[in-house]
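So the chains spell out like this:
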Amino acid sequence: VGAECGWAGEAYESAPEEEKAFAKFLDRVSLEPSQCVRYCRGGTPLCPSSSGAPRTAEACQHCGGPREFEMQIMSPIMAYVSEAVSWKEEESSGCDVP
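Residues numbered from 1 in each chain as written. Predicted model: local features only at pLDDT ≥ 70, side-chain atom pairs only at ≥ 80, totals over all residues. Heavy atoms only, no water.

### Thoughts on the overall build of the protein
Heads up, the condition is: In DSSP terms, a helix is any run of H or I states spanning at least four residues, a strand is any run of E spanning at least two, and both are numbered starting from the N terminus. Whether a residue is buried, partly exposed or exposed follows from its accessible area with a 1.4 Å probe, protein chains only, as a fraction of its type maximum: under 20%, in between, or over 50%, in that order. Surface accessibility follows the Shrake-Rupley procedure with a 1.4 Å probe radius. Residue values consider only the protein chains on display as shielding.
When you go through the protein residue by residue, the secondary structure sums to 4 helices and 2 strands. Looking at the protein as a whole, 14% of its 98 residues qualify as buried. Split by element, the accessible area of the protein, about 8,100 Å² in all, is 56% carbon and sulfur.

Okay, here's the thing in structure tokens:
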């Protein structure tokens, strides 16, 4: 069926696993590109590569209970942090104190 429709040879279909994982990551992230924090208690983190896929977390060192995924900080937050630092630096450098 795919060959008849002309999409069987798509690069995504024949791409190495790393590229497939990254393409899936980009597809998901593109739904909300400015998202800074993903919250999904008990879910799984988005991983841009298959080799860096999350492993099972060790038990809590305090109570021995299982740990679970709750939130993930996404890369757009870096732009906001950088902007805030720049704003703070500009604010403090404009001070009239010698």
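### Some points on a nonpolar patch on the surface
To be explicit about the condition: Patches in this entry comprise residues that are over 30% relatively accessible and not in a salt bridge; like charges within 9 Å are linked, as are nonpolar side chains (Val, Leu, Ile, Met, Phe, Trp, Tyr) within 5 Å. Every case where a carboxyl oxygen of Asp or Glu lies within 4 Å of a side-chain nitrogen of Lys or Arg is listed as a salt bridge.
A cluster of nonpolar side chains, namely Val37, Tyr39, Met71 and Ile73, defines an oily patch on the protein surface of about 420 Å² accessible area. Sorting the residues of the nonpolar patch by element identifies β1 (37–39) and β2 (71–73) as the ones contributing at least two each. Checked against the element boundaries, Ile73 lands in strand β2. With relative accessibility at 55%, the residue Ile73 sits in the exposed group.

### Examining the pattern of salt bridges
Evaluation of the coordinates by the stated rule reveals 2 salt bridges. Glu17 is the salt-bridge partner of Lys20, the closest N and O atoms lying 3.8 Å from each other. In this pair, Lys20 and Glu17 are both assigned in helix α3 (residues 17–29), 3 residues apart and thus about one turn of the helix distant. When its relative accessible area of 24% is taken as the criterion, Lys20 is described as partly exposed. With a relative accessible area of 52%, Glu17 lands in the exposed category. One salt bridge connects Arg41 with Glu68, and the closest N-O pair in it is separated by 2.9 Å. Of the two residues, Arg41 sits in the loop between β1 and β2 while Glu68 sits in the loop between β1 and β2, which places them 27 residues apart along the sequence. A relative accessible area of 58% means that Arg41 is categorised as exposed.

### A closer look at the packing of aromatic side chains
Defined as follows: Any two of the Phe, Tyr and Trp rings considered here, Trp counted by its six-membered ring, make a pair once their centres fall within 6.5 Å; the pair's planes then place it as stacked at under 30 degrees, edge-to-face at over 60, or tilted in between.
Evaluation of the coordinates by the stated rule reveals 1 aromatic pair. Ring plane angle 20° and centroid distance 6.3 Å describe the contact between Phe22 and Phe25, whose orientation is recorded as stacked. Here Phe22 and its partner Phe25 are both found in helix α3, 3 residues apart, which amounts to about one turn of the helix. Under the relative-accessibility criterion, Phe25 is labelled buried at 16%.

### What to know about the confidence of the model for the protein
Applied cut-off: Each residue gets a pLDDT score, which is the predictor's confidence in that residue and runs from 0 to 100.
Considering every residue of the protein, the mean pLDDT works out to 77; 76% of them sit at 70 or more. Of all helices and strands in the protein, the one with the weakest mean pLDDT is helix α1 (residues 2–5) (44), whereas β1 scores best (89).

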